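Geometric and topological summary
Below, each chain spelled out in residue letters.
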Amino acid sequence: NFTGIEEQQEESISMYPIPAGKFVYINFAQAKSRSLELFTISGQLVRSLTTKQQSLKLSLQDLPSGVYFVKVSDGTNQYIKKLVVE
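Residues numbered from 1 in each chain as written. Predicted model: local features only at pLDDT ≥ 70, side-chain atom pairs only at ≥ 80, totals over all residues. Heavy atoms only, no water.

1. A word on the overall build of the protein
How we decide: Secondary structure elements follow DSSP: runs of H or I of four or more residues count as helices, runs of E of two or more count as strands, with numbering from the N terminus. For each residue, the accessible area found with a 1.4 Å probe, counting protein chains only, is set against the maximum for its type, and the residue is called buried under 20%, exposed over 50%, and partly exposed in between. Should any heavy atoms of two residues lie within 4.5 Å, those residues are counted as being in contact. Only the protein chains shown count as cover for residues, and all accessible areas are computed by the Shrake-Rupley method using a 1.4 Å probe.
When its secondary structure is counted, the protein shows 0 helices and 7 strands. The order of α-helices and β-strands along the protein, N terminus first, is β-β-β-β-β-β-β. Counting the 86 residues in the protein, one finds 31% classified as buried. For the protein, contacts bridging at least 24 residues in sequence account for 47% of all contacts bridging at least 6. When the accessible area of the protein is evaluated, it comes to approximately 5700 Å², of which 48% is carbon and sulfur surface.

Quick look at the structure:
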């Protein structure tokens, strides 16, 4: 029982392939304006973009292998997904 923690409805975000190679495909439940930021596991920002598309192909070719976090914000809510790059 967690008191004071409100469960938030998560936007449907899918990423594939996981683990990712040179690219990762990101799909959203609906097309709307949102920002996307990619961080290293230590918190360093390595990518930042804004999109209104329902899906996108993100190049990872210049990134070393490792664990990253994708933060998606639609102006009201923020969502974080883990991304493994081989």
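We are not done yet, so read on.
2. Some thoughts on the pairing of strand E2 (residues 23-28)
Put simply, the test is: If DSSP finds at least two bridges between two strands, the strands pair.
Alternating positions in E2 separate cleanly, Val24, Ile26 and Phe28 being buried on one face and Phe23, Tyr25 and Asn27 remaining unburied on the opposite face. The pairing of strand E1 (residues 13-16) with E2 spans 4 bridges and is classified as antiparallel. Looking at the pairing, serine 14 lines up with asparagine 27 of E2. Connecting E1 to the next strand, E2, in antiparallel fashion are 6 residues. As paired strands, E2 and strand E5 (residues 55-59) are joined by 5 bridges and run antiparallel to one another. Bridge pairing in E5 places isoleucine 26 opposite leucine 56.

3. Side note on the environment of serine 59
Note that serine 59 resides in strand E5. Put simply, serine 59 and phenylalanine 23 are 36 residues apart on the chain and 4.6 Å apart in space, counted from C-alpha to C-alpha. Residues within four places of serine 59 in sequence aside, it is in contact with Lys22, Phe23 and Arg47.

4. A closer look at the pattern of salt bridges
Test applied: A side-chain nitrogen of Lys or Arg and a carboxyl oxygen of Asp or Glu constitute a salt bridge if their distance falls within 4 Å.
This structure, assessed with the given rule, holds 3 salt bridges. The partner of aspartate 74 in a salt bridge is lysine 32, with the nearest N and O atoms 3.1 Å apart. Of this pair, aspartate 74 sits in the loop between strand E6 (66-73) and strand E7 (78-85) while lysine 32 sits in the loop between E2 and strand E3 (34-40), and the two are 42 residues apart along the sequence.

5. Topic: unusual backbone geometry
Across the junction of tyrosine 16 and proline 17, the peptide omega takes the value -10 degrees, indicating a cis bond. Relative to the helices and strands, proline 17 resides in the loop between E1 and E2. Of note, the bond from isoleucine 18 into proline 19 is cis; its omega dihedral lies within 30 degrees of zero at 0 degrees.

6. Observations concerning the sheet that holds E3
Quick reminder of the rule: An axis is simply a line fitted to the C-alpha atoms; with a helix, the fit covers only the stretch in contact. Between two such axes, the angle follows the N-to-C directions and lies from 0 to 180 degrees.
Spatially, 4 strands are ordered E4-E3-E6-E7 in an open sheet, and the strand pairing comes out antiparallel. Both edges of this open sheet fall to strand E4 (45-51) and E7, since each of them pairs with a single strand only. Taken pair by pair, the neighbouring strands of this sheet meet at an average axis angle of 20 degrees, ignoring direction. Direction of pairing for E3 relative to E4: antiparallel, over a ladder of 6 bridges. The residue bridging glutamate 37 from the neighbouring strand is serine 48, located in E4.

Distances and angles like these do not, on their own, reveal function.
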